[in-house]
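# Architecture and fold: a report
Residue strings, one per chain:
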Amino acid sequence: MTPSIYVSAVVGLLMILGFVTFKSISSSNVLPGVPEFKGMPIFGAMPTYLREGMPALLGKLIAIGDDGISYANIVGNVLVSCHDPAMVREVHAMPDEVASREGDPGRMSWSPFWTLRRLIGNSLFNQVGPQINHPRNVFIREFNNTKANEAKFDTIKKIATDHANALTGDGTTADVDDIRYSADNFAIALWGETLYGNPDHHKGGKVLALSEKIITLAGEPWPSVWYSIALFFRLVTPGEPTRSEAKLRKGVSKVVEGNIQKLEAYEAANPDAPLKVIRSLSVATGGAKSGPLSVFASEFTNLNLFGGHHSIGLNVVWSLIELDKHPERRAKLMAEINSVDINDFTQLNSKMPYLDACIMEINRLHPTVHATLRVINKETTLTSGKTPIKLTPGMLIYLSYLHLHTSKEFWGPDADVFVPERFLGGRSKHQPFMSFGYGPRNCVGYKFATLAAKVYLVTLLSTYQLDVRDHDHEMKLGTLLETTKPVAVKVTRRS
Ligand code: HEM
Ligand SMILES: *[C@@H]1O[C@H](CO)[C@@H](O)[C@H](O)[C@H]1NC(C)=O
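Residues numbered from 1 in each chain as written. Chains lettered and ligands numbered in written order. Predicted model: local features only at pLDDT ≥ 70, side-chain atom pairs only at ≥ 80, totals over all residues.

If you look the chain up in an unreviewed UniProt entry, it shows as Putative cytochrome P450 from Melanomma pulvis-pyrius CBS 109.77.

## Examining the overall build of the chain
Looking only at helices and strands, one finds 20 helices and 13 strands in the chain. Taken over C-alpha atoms, the radius of gyration comes to 23 Å for the chain, in line with the 23 Å a tight globule of 495 residues would show. (Helix = DSSP H or I, 4+ residues; strand = E, 2+ residues; numbered from the N terminus. Rg over C-alpha atoms; globule rule 2.2 N^0.38 Å.)

## Focus: helix H17 (residues 353-365)
For H17, spanning 13 residues, the distance from its first C-alpha to its last is 18 Å, which sits close to the expected 18 Å at 1.5 Å a residue. Turning to H17, its buried residues are Leu355, Ala357, Cys358, Ile359, Glu361, Ile362, Asn363, Arg364 and Leu365. Packing partners of the buried residues in H17 comprise helix H14 (310-325), helix H15 (327-339), helix H18 (401-406) and helix H20 (446-463). (Expected span 1.5 Å × (residues − 1). Buried ≥ 20, exposed ≤ 12 C-beta atoms within 10 Å, placed from the backbone. Contact = placed C-beta atoms within 7 Å.)

## Re the site of ligand 2
Neighbouring ligand 2 are Ile140, Asn144, Asn442, Val444, Tyr446 and Lys447. When grouped by side-chain class, the residues that make up the shell around ligand 2 number 3 nonpolar, 2 polar and 1 charged. (Near = placed C-beta within 6 Å. Nonpolar A, V, L, I, M, F, W, Y, C, P; charged D, E, K, R; others polar.)

## Examining the nonpolar core
In this structure, Val80, Ile397, Ala452 and Tyr456 are the most contacted members of the largest nonpolar core, which totals 125 residues. Examining the composition of this core, we find that 11 residues originate from one element, H20, more than from any other. Built from parts of two domains, this core gets at least three residues from each of domain 1 (3-129 + 373-400) and domain 2 (130-372 + 401-493). Setting aside residues up to four positions removed in sequence, Tyr456 forms contacts with Ala160, Ala183, Phe186 and Val316. (Core = buried A, V, L, I, M, F, W, Y, C linked by C-beta atoms within 7 Å. Domains from an automatic or database assignment.)

## A short note on the site of ligand 1
Ser311, Thr372, Gly437, Cys443 and Gly445 are the nearest of the 24 residues found near ligand 1. Mapped onto the shell around ligand 1, the elements with two or more residues apiece are helix H6 (133-143), H14 and H20. Looking at side-chain class alone, the shell around ligand 1 contains 11 nonpolar, 10 polar and 3 charged residues.

## Regarding unusual backbone geometry
Although it is not a glycine, Arg234 sits at a positive phi angle of roughly 55°. By secondary structure assignment, the location of Arg234 is in the loop between helix H10 (221-232) and helix H11 (243-269).

## Brief notes about the sheet that holds strand S5 (residues 173-176)
Pairing in this open sheet of 3 strands is antiparallel, and the strands run S5-S13-S10 from one edge to the other. Edge positions in the sheet fall to S5 and strand S10 (464-468), since each has one partner strand and no second. Going from strand to strand, the sheet's axes swing by 15° on average, the running direction of each strand aside. Where S10 and strand S13 (residues 489-493) come together, 5 bridges link them in antiparallel fashion. (Pairing = 2+ DSSP bridges. Axes fitted to C-alpha atoms, helices over the stretch in contact; angles between N-to-C directions.)

## Quick notes on the UniProt feature "binding site: heme" (unreviewed entry) in the chain
Those residues carrying the UniProt feature "binding site: heme" (unreviewed entry) are Cys443 in this numbering. You can see Cys443 is positioned in the loop between helix H19 (408-411) and H20. (UniProt positions renumbered as here; feature names shortened; annotations may be inferred.)

## Re the environment of Asn165
Looking at where Asn165 falls in the secondary structure, it is placed in helix H7 (residues 146-166). Residues Asn165 and Tyr464, spaced 299 residues apart in sequence, show a C-alpha to C-alpha distance of 9.5 Å.

## Thoughts on the environment of Met94
Checked against the element boundaries, Met94 lands in the loop between helix H4 (85-93) and strand S4 (99-100). When the C-alpha atoms of Met94 and Ile376 are compared, they prove to be 9.6 Å apart, with 282 residues separating the residues in sequence. With sequence-adjacent residues up to four places away left out, Met94 is seen in contact with Ala99, Arg374 and Thr380.

## Looking at the environment of Ala331
Note on placement: Ala331 falls in helix H15. With 281 residues separating them in the primary sequence, Ala331 and Leu50 have C-alpha atoms 45 Å apart.

## Notes on the sheet that holds strand S6 (residues 371-376)
With mixed pairing, 6 strands are arranged side by side in an open sheet as S1-S2-S3-S9-S6-S4. Each having just a single partner strand, strand S1 (36-37) and S4 make up the two edges of the open sheet. Taken together, the 5 bridges between S6 and strand S9 (residues 396-400) define a ladder with antiparallel strand orientation. The residue of S9 that forms the bridge with Thr372 is Leu399.

Okay, structure coming up:
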């Protein structure tokens, strides 16, 4: 397309979008009695969404919804924010037929899960219905089970030690420009080794670059906007990737193919060794002991490019930042580390209450997955609010974990301070904690993710004296909860 055609097309589309909005706004008061974020005439919340992104818009919705609910209109799409704990639980508990992450891919939608599916293909994230129970259980047995994780402990420990040592090489001290790379690469290498027997998975930076791109695109407004426009003009098949999305997907396939080759070489050389995890996931879902993976396992290879490393890495990074800001708490954790054998799975996993409390507190204060959403598929009534509220098909319900986790209303005046002690000796049921989701579609990797983060954190702390250079790190809300800038750390080997 030449630039002028391009510009006319955009102007024309904005007019159409404006008209659709106008029609939808003028037609009815969508949620009677619920506060509405109005934004601009005709365009509604669209300009805010495009300029500032979904997390910022969500913040504005939360600010006006005193009773735990509020909404905005974006070009015929109704965005509802539920930010009362009971309501958030109620929405999470809805079955897929009533509310799912993606909704109908043929309908104009701003769901990031919609973009995600086009980028990585099918995964457990977008699948719905009773047939997901089996794959969920396969995941849970592999990643959310103490025994299964114990079997992975030596691998986790070894990769953690290698990556910690790499920070200084042969030296005793180093200025690390950005510890985020080390944390992410630890997790990438861990997945590579665990799934395929490839501890070099992080080398060359390709996986990190790809996963960052996927994570960024999934959280940006524009892919959804362009896709909606293309759908409107029937330029794409609903749910199928655009040309540039297909290119990214090719990059993903290439990385996966390389790993599968490594896996097959490993299997040929070690016919009697225990199965690598991707192979056992495959066998548990109908695949053979060699050759092509089951559909389920193959879908997980793609999903793995998006989820699982950055989220684990961020836990470690935020822990280092907060521990550095609170030396007395770091000293308490160091005392615990020195009092147990951290090379023993049982001790690390279940005899370190202060470490557990620190990780819980990091997940409260800096929940990597800071929000999620559901698309309403079937009319339903929300009953946990002050008055019943009718939700209709196509509405997007945003659920902010970060809000629930940091609201002074639930956590007290020190809600925005790192205080692991609040998790010692149990926690009140009234304090909403959902960093791994809630209900029938909660996280299946909780225990593995937490174990991996704990092992790398403890390995770093026991190997080095760490000094985080800046103390003004802030949260940046993208798809995941990032830091606003690189996290520079000076590391000095303990003698
Ligand atoms: C710190 C790390 C992690 C965090 C904070 C996290 C958080 C979450 C959250 C909040 C959800 C629910 C989202 C929703 O309800 O829409 C979720 C779902 C999911 N997580 Fe995790 N996760 C982490 C690590 C992992 C790992 C390591 C795996 C790998 C096995 C994993 C696999 C999944 C899958 C497959 C789902 C979808 C489950 C379903 O739809 O039934 N996660 N995660
Ligand atoms: C994973 O294990 C944790 C801790 O035992 C539990 O609270 C959570 O519900 C489990 N998740 C799933 C999906 O089974």
